[in-house]
Amino acid sequence: TAPERMWGLLSRRVAAEKSNAILGALAHALNRLAGRHPDPVGEMSTLIFERAAGDDRAAEDARHNCVNTLIGLHIWRDHKHCGQFNYALVQNVRANRNDLGSVLFALRKALTHGQVQDANAKDDGIRKRAVDLFDAITTAVCVEFWAALSQAAELGRTQSDVDSLKEIARLL
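Residues numbered from 1 in each chain as written. Predicted model: local features only at pLDDT ≥ 70, side-chain atom pairs only at ≥ 80, totals over all residues. Heavy atoms only, no water.

### Observations concerning the overall build of the protein
In terms of helices and strands, the protein carries eight helices and zero strands. Going from the N terminus to the C terminus, the protein shows its helices and strands as α-α-α-α-α-α-α-α. Its C-alpha atoms give the protein principal-axis dimensions of roughly 65 × 50 × 20 Å. Counting across all 172 residues of the protein, residues that qualify as buried make up 40%. Counting only contacts in the protein whose residues sit at least 6 apart along the sequence, the fraction spanning at least 24 positions is 65%. Total accessible area on the protein stands at roughly 10,000 Å², and carbon and sulfur atoms take up 53% of it. (Helix = DSSP H or I, 4+ residues; strand = E, 2+ residues; numbered from the N terminus. Buried < 20%, exposed > 50% of the residue type's maximum accessible area, 1.4 Å probe, protein only. Contact = heavy atoms within 4.5 Å. Areas by Shrake-Rupley, 256 points an atom, 1.4 Å probe, with all protein chains shown as cover.)

### Here we look at the packing of helix α1 (residues 3–16) against helix α2 (residues 20–33)
Running from N to C, α1 and α2 point in directions that differ by 145°, and their axes come no closer than 11 Å. Like other packed secondary-structure pairs, α1 and α2 cross with a definite hand, here left-handed. For the pair α1 and α2, contact is made by Met 6, Trp 7, Leu 10, Arg 13 and Val 14 and by Leu 23, Leu 26, Leu 30 and Leu 33, respectively. Split into classes, the residues belonging to the contact of α1 with α2 amount to eight nonpolar, no polar and one charged. (Axes fitted to C-alpha atoms, helices over the stretch in contact; angles between N-to-C directions. Left-handed = near helix turned anticlockwise from the far one by under 90°. Nonpolar A, V, L, I, M, F, W, Y, C, P; charged D, E, K, R; others polar.)

### A look at the state of the cysteines
Linking two cysteines covalently through their sulfur atoms gives a disulfide. Following the criterion strictly, the structure yields zero disulfides and no others. The thiol sulfur of Cys 66 is not disulfide-bonded, and the nearest other cysteine sulfur, from Cys 82, lies at 10 Å. For Cys 66, a relative accessible area of 0% gives the class buried. (Disulfide = S-S within 2.5 Å.)

### Things to note about unusual backbone geometry
Positive phi is not limited to glycine here, since Asp 78 has a value of about 55°. Mapped onto the secondary structure, Asp 78 falls in the loop between α4 (57–77) and α5 (80–89).

### As for the pattern of salt bridges
Within this structure, the stated rule accounts for nine salt bridges. Residues Arg 57 and Glu 60 are paired through a salt bridge, measuring 4.0 Å at the closest nitrogen-oxygen approach. With Arg 57 and Glu 60 both in helix α4 and three residues apart, the pair spans about one turn of that helix. Note that Asp 78 and Arg 129 form a salt bridge whose closest N and O atoms lie 3.8 Å from each other. Here Asp 78 is found in the loop between α4 and α5, whereas its partner Arg 129 is found in helix α7 (residues 121–155), with 51 residues between them in sequence. Among the residues examined, Asp 78 registers a relative accessible area of 31% and is labelled partly exposed. The buried category is assigned to Arg 129, whose relative accessible area is 16%. (Salt bridge = Lys/Arg side-chain N within 4 Å of Asp/Glu carboxyl O.)

### Overview of the environment of His 37
Along the chain, His 37 falls in the loop between α2 and α3 (38–51). Residue His 37 is classed as partly exposed on the basis of its relative accessible area of 28%. Along the primary structure His 37 and Leu 23 are separated by 14 residues, whereas in three dimensions their C-alpha atoms are 19 Å apart.

Structure, rendered in structure tokens:
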């Protein structure tokens, strides 16, 4: 085996690849390695997320794979870099609404993880990180929704305003 060579090849491919479909496949492969190699997987998943450009299905799939990996590492493994990435998404609800939808979906299992009666520190940490991120997202979404609603009321609602409100409301 040659792990250094493997990570070097993956890193170069992630940095150079322009195809969203290939980036998505790389993100999927990295997800399978996340449990044993959280640091390089977290870094490369972040890079793939940033490089997957456009609104096509392949870009969405690549970003979705990355979000699942980064959420998993943050929530289940308490990986700090991945936590920072996840909270950065919350800073721009409108631009990241599709990705935040993926985050909320990925949080479902962690929000109810373990037994509350027979709690242990590990399970409590998993639930706490999930609840904290869920709270940050839903709070930001509500603030953004009310801002968009107020703006639409002041300026008179246009179809664009209505569409924007619908997209934000989907996260609630």
